[in-house]
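Examination of the molecular architecture
Chain residues, written in single-letter form:
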Amino acid sequence: MIVALTITKFRGFTIPFAFIGMVVLRFPLWLNKKCRFWKLMGSGKDAQVDLAPDYKHWAVLTTWDNRIDCDNFYRDSFVMKWFSFFGIESFTILLNPLSSHGLWSKIEPFKVEKTSKTYTGKIAVITRAAIKFNKLNEFRQNIKRAADAMRVAPGFILSAGVGENPFFDQATFSIWESAESMKAYAYQSHDHSDVIKLTRERKWYKEELFARFSIIDSWGTLNGVCIES
């Protein structure tokens, strides 16, 4: 499986077309039978892990059975031409799922192939949660400290906050130097581990997903940062 994520920054005066795209671009994605799973998403401020929405950054996530189908989509699709035409900066990364637990819109989106090989390269992570309405304030009060701790954690490279709608559907994409550095943050950082504990105790989420990926390829920049695959 190929998982593709593109985050594009729109020009200020083209922001209305970003909103239009979130409606119009659903149709070609629905009609593309080779696309196994897709999400059109907005972003947190400056494409960071932030609850405040950013109307300039928008994202599309797709999954494919093979690289050829993915490459054809990026070369020929109306979806990517829309993003390219209105964007002034774009970052794309292609991923291979190493592990995935949980659901996204009641679907297991990432197919993991069993392998005996141990992966030792950079790790990409997607965490996604649908937040219960009556737990939103608790979530808002606690998530920022976990995001701040992530940005200064050893081995951290890049993060981006995306979601299907502001506040209630939150996804965090991050890249780490290794699985060890990602795990050190996840389980040894006081702020993050405390948030995980509160998540379980207070039952903030009605649906959640955690997935790890190897990086196949990447191009472009996000906030001026270029990630080498």
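Residues numbered from 1 in each chain as written. Predicted model: local features only at pLDDT ≥ 70, side-chain atom pairs only at ≥ 80, totals over all residues. Heavy atoms only, no water.

1. Describing unusual backbone geometry
Backbone geometry places Ser 105, a non-glycine residue, at a positive phi of 55°. One non-glycine residue, Asn 223, lies in the positive phi region at around 55°.

2. Digging into the packing of helix H3 (residues 67–76) against helix H4 (residues 78–86)
It is at 6 Å that the axes of H3 and H4 come closest, and there the two elements cross at 50°. One way to sum up the angle between H3 and H4 is to call them oblique. With respect to the hand of their crossing, H3 and H4 are arranged in right-handed fashion. On the side of H3, the interface is formed by Phe 73, Tyr 74, Arg 75 and Asp 76, while H4 contributes Phe 78, Val 79, Met 80 and Lys 81. Partitioned by chemical class, the residues of the contact of H3 with H4 number five nonpolar, no polar and three charged. (Axes fitted to C-alpha atoms, helices over the stretch in contact; angles between N-to-C directions. Helix = DSSP H or I, 4+ residues; strand = E, 2+ residues; numbered from the N terminus. Parallel < 35°, antiparallel > 145°, perpendicular 65-115°, else oblique. Left-handed = near helix turned anticlockwise from the far one by under 90°. Contact = heavy atoms within 4.5 Å. Nonpolar A, V, L, I, M, F, W, Y, C, P; charged D, E, K, R; others polar.)

3. Quick look at the packing of aromatic side chains
Across all of its chains, the model carries 18 aromatic pairs by this definition. Note on Phe 10 and Phe 83: the rings are 5.8 Å apart at their centroids and 70° apart in plane angle, and the pair reads as edge-to-face. With a gap of 73 residues between them, Phe 10 in strand E1 (residues 2–10) and Phe 83 in helix H4 connect regions that are remote in the sequence. You'll find Phe 10 and Phe 83 in the same group, each marked buried. Considering the side-chain rings of Trp 30 and Trp 38, the 5.9 Å spacing of their centres and the 70° angle between planes classify their relative orientation as edge-to-face. Through a chain of ring-to-ring contacts, the aromatic side chains of Phe 10, Phe 17, Phe 78, Trp 82, Phe 83, Phe 85 and Phe 86 assemble into a single cluster. (Phe/Tyr/Trp six-rings, centres within 6.5 Å; stacked < 30°, edge-to-face > 60°. Buried < 20%, exposed > 50% of the residue type's maximum accessible area, 1.4 Å probe, protein only.)

4. Overview of helix H5 (residues 136–151)
In this model H5 runs 23 Å from its N-terminal to its C-terminal C-alpha over 16 residues, within 8% of the 22 Å that 1.5 Å per residue would give. When the local axis directions of H5 are compared, the greatest deviation, roughly 30°, occurs at Asn 142. Restricting attention to buried positions, one finds in H5 the residues Leu 136, Phe 139, Asn 142, Ile 143, Ala 146, Ala 147, Ala 149 and Met 150. (Expected span 1.5 Å × (residues − 1). Bend = angle between axes of the 7 residues up to and from the residue.)

5. Some thoughts on the state of the cysteines
Applying the stated rule across the entire model yields zero disulfides. No disulfide involves Cys 35; its nearest neighbouring cysteine sulfur is the one of Cys 70, lying 9.2 Å away. For Cys 70, a relative accessible area of 0% puts it in the buried group. (Disulfide = S-S within 2.5 Å.)

6. Focus: the nonpolar core
Residues Leu 61, Trp 104, Phe 110, Phe 173 and Ile 175 are the most contacted members of the largest nonpolar core, which totals 27 residues. At the level of elements, E1, strand E2 (35–44), strand E3 (53–64), strand E4 (87–102), strand E5 (123–131), strand E6 (156–165), strand E7 (169–176) and strand E8 (205–222) are the ones that each hand at least two residues to this core. The element best represented in this core is E8, accounting for five residues. Look past the residues within four positions of Ile 175 in its chain and what remains in contact with it is Phe 91, Ile 93, Ile 123, Ala 124, Gly 155, Phe 156, Ile 157, Leu 158, Ile 215 and Ile 227. The next biggest cluster of nonpolar side chains, apart from the first, holds 22 residues, and it includes Ala 18, Leu 25, Trp 38 and Val 60. (Core = buried A, V, L, I, M, F, W, Y, C linked by side-chain atoms within 4.5 Å.)

7. Re a nonpolar patch on the surface
A cluster of nonpolar side chains, Phe 17, Ile 20, Val 23, Val 24, Phe 27, Trp 30, Leu 31 and Phe 78, forms an exposed patch at the surface whose accessible area comes to about 800 Å². Broken down by secondary-structure element, the contributors of at least two residues to the nonpolar patch are helix H1 (15–24) and helix H2 (26–31). (Patch = residues over 30% accessible without salt bridge, like charges linked within 9 Å, V, L, I, M, F, W, Y side chains within 5 Å. Areas by Shrake-Rupley, 256 points an atom, 1.4 Å probe, with all protein chains shown as cover. Salt bridge = Lys/Arg side-chain N within 4 Å of Asp/Glu carboxyl O.)

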